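# Examination of the molecular architecture
Spelled out from the first residue to the last, the chains are:
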Amino acid sequence: MSSRTDDRLDGAHVVVTGGARGIGRGIAVRCARSGADVSLFDLRPDVAAETAERVREIGRDAAVFEVDVTDEAAVSEAVDDAREGLGAIDGLVNNAGIQQAIPLLETSEAEWDRHFDVNAKGSFLVAKHVAKRMIADEVAGSIVNVSSVGAERPFPGQGAYGASKAAVLAFTTVLAKELAEHDITVNAVKPGTVDTPMVQQWLTERAEQHDTSEDRLLAEALDDHILDRIGQPEEVGHAVVLLLSEEGDWITGESIAVDGGYLKA
Ligand code: NAI
């Protein structure tokens, strides 16, 4: 049984990094509902296989690639394999990311570097190799980088994370300028608090550090969202589909908050 929503990405091939779970899974499923085939890049191919199954249930193709986005050789190979498997790549969603709750004065050099490696360098590497393929294939493509409201309004404990997500916004602007001549748009989304394993882990770490309960922390975080509720992964997917589709053709270099109003509260 098909559960298609619309045809806005009909026949497109979209690569989603970190597509095994959480927001990445929501984006992959939402893209499939608009008619896209999806390649999933993740450290966890076993979990990504479940996302691939959800995509196939919608009636679209899916392929899983075990890849660490911080490893340029592995990224380059996975991009070639994805191109070979599901055809020219029309869209990329750079979603793979990590977050640890650590006060800045307790953040080690290794922890700082790890946030930048995965969140900033990883997104750059995948964008670089996918964009080269898009140019070679003469595809009018679209790249969406998943930043965060933490790039602009970080909580205490989001020093390395927020800074790495701000780096993503900076390279989004540059890439938009550099790829315009190839008909490739580059944008970012900035999710607020979304119901995923990452947020669950963040709440657990912060609750331990501050000797409080996860429920209380979540309620405090959501108080700062105008809509006063947590977001769902597919709700980030709605905005991503807009940016990947023809309807987003005149949007580039932009970063869109998908945050229940957090950045305006
Ligand atoms: P998650 O932790 O639930 O999922 C992240 C996925 O990325 C996992 O499947 C993981 O295996 C994969 N991944 C991590 N490191 C990787 C690497 N080096 N190479 C390949 N894959 C890797 O996280 P969640 O919550 O779904 O977040 C997804 C993105 O959205 C992240 O970039 C995160 O920073 C961002 N975000 C999340 C928010 C939230 O409230 N959940 C809010 C704002 C931004």
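Conventions adopted
- Residues numbered from 1 in each chain as written.
- Predicted model: local features only at pLDDT ≥ 70, side-chain atom pairs only at ≥ 80, totals over all residues.
- Heavy atoms only, no water.
- UniProt positions renumbered as here; feature names shortened; annotations may be inferred.
- Pairing = 2+ DSSP bridges.
- Helix = DSSP H or I, 4+ residues; strand = E, 2+ residues; numbered from the N terminus.
- Axes fitted to C-alpha atoms, helices over the stretch in contact; angles between N-to-C directions.
- Core = buried A, V, L, I, M, F, W, Y, C linked by side-chain atoms within 4.5 Å.
- Buried < 20%, exposed > 50% of the residue type's maximum accessible area, 1.4 Å probe, protein only.
- Contact = heavy atoms within 4.5 Å.
- Near = heavy atom within 4 Å.
- Polar contact = N/O pair within 3.5 Å; in protein donor to acceptor, adjacent residues only side chain to side chain.
- Areas by Shrake-Rupley, 256 points an atom, 1.4 Å probe, with all protein chains shown as cover.
- Nonpolar A, V, L, I, M, F, W, Y, C, P; charged D, E, K, R; others polar.
- Phe/Tyr/Trp six-rings, centres within 6.5 Å; stacked < 30°, edge-to-face > 60°.

In the nomenclature of an unreviewed UniProt entry, the protein corresponds to Short-chain family oxidoreductase from the organism Halorubrum lipolyticum DSM 21995. In its Sequence similarities (unreviewed entry) section, the UniProt entry covering the protein states "Belongs to the short-chain dehydrogenases/reductases (SDR) family."

### A short note on the sheet that holds strand β3 (residues 62–66)
Hydrogen bonding along the main chain pairs the strands of a sheet, whether they run parallel or antiparallel. Pairing is parallel in the open sheet, where seven strands are placed in the order β3-β2-β1-β4-β5-β6-β7. The open sheet is flanked by β3 and β7 (255–258), the only strands paired with a single partner. Pairs of neighbouring strands in the sheet enclose a mean axial angle of 20°, with direction left out of account. In the sheet, strand β6 (residues 185–191) pairs with β7 via four bridges, with the strands oriented parallel. Each residue of the ladder has a partner; that of Ala188, found in β7, is Ser255.

### Focus on the UniProt feature "domain: Ketoreductase" (unreviewed entry) in the protein
When the UniProt feature table is mapped onto this chain numbering, "domain: Ketoreductase" (unreviewed entry) sits at residues 12–187. For the annotated span residues 12–187, helix accounts for 51% and strand for 16% of the residues, and the straight-line distance between the end C-alpha atoms is 18 Å.

### A few points about the nonpolar core
Considering soluble globular proteins, one finds that nonpolar side chains tend to be buried as a cluster. Ranked by internal contacts, the top residues of the largest apolar core, which has 31 residues, are Val16, Ile27, Cys31, Val93, Val189, Val240 and Leu244. Looking at this core, the elements with two or more residues in it are β1 (13–17), α1 (22–33), β2 (37–42), α2 (45–58), β5 (142–146) and α8 (233–244). Setting aside chain neighbours within four positions, we find Leu244 in contact with Leu9, Val14, Cys31, Gly91, Leu92, Val93, Ser142 and Val144. Of all hydrophobic cores here, the second largest spans 29 residues; its members include Ala82, Ala127, Val139 and Val186.

### What about the site of the ligand?
Near the ligand there are 29 residues, and of these Arg21, Asp42, Tyr161, Lys165 and Thr196 occur at the shortest range. In this structure, an oxygen atom belonging to the ligand sits 2.7 Å away from a side-chain N or O atom of Lys165. Gly192 is positioned with one of its backbone polar atoms (N or O) 3.2 Å from an oxygen atom of the ligand. Coverage of the ligand by the protein chains reaches 95% of its 830 Å² of free accessible surface. Those elements that provide at least two residues to the shell around the ligand are α1, α5 (159–179) and α6 (197–210). Per-element tally for the shell around the ligand: the top contributor is α6, with three residues. Class assignment for the residues of the shell around the ligand results in 15 nonpolar, nine polar and five charged.

### What to know about the packing of aromatic side chains
Taken as a whole and judged by the stated rule, the model has four aromatic pairs. Relative to Phe116, the ring of Trp112 has its centre 5.1 Å away and its plane inclined at 25°; by these criteria the two rings are stacked. With Trp112 and Phe116 both in helix α4 (residues 109–136) and four residues apart, this pair spans about one turn of that helix. Looking at Trp112, the relative accessible area reads 32%, which means it is partly exposed. Relative to Trp202, the ring of Phe155 lies with its centre 6.2 Å away and its plane at 35°, an arrangement referred to as tilted. Of this pair, Phe155 sits in the loop between β5 and α5 while Trp202 sits in helix α6; the two residues are 47 residues apart in sequence, bridging distant segments of the chain.

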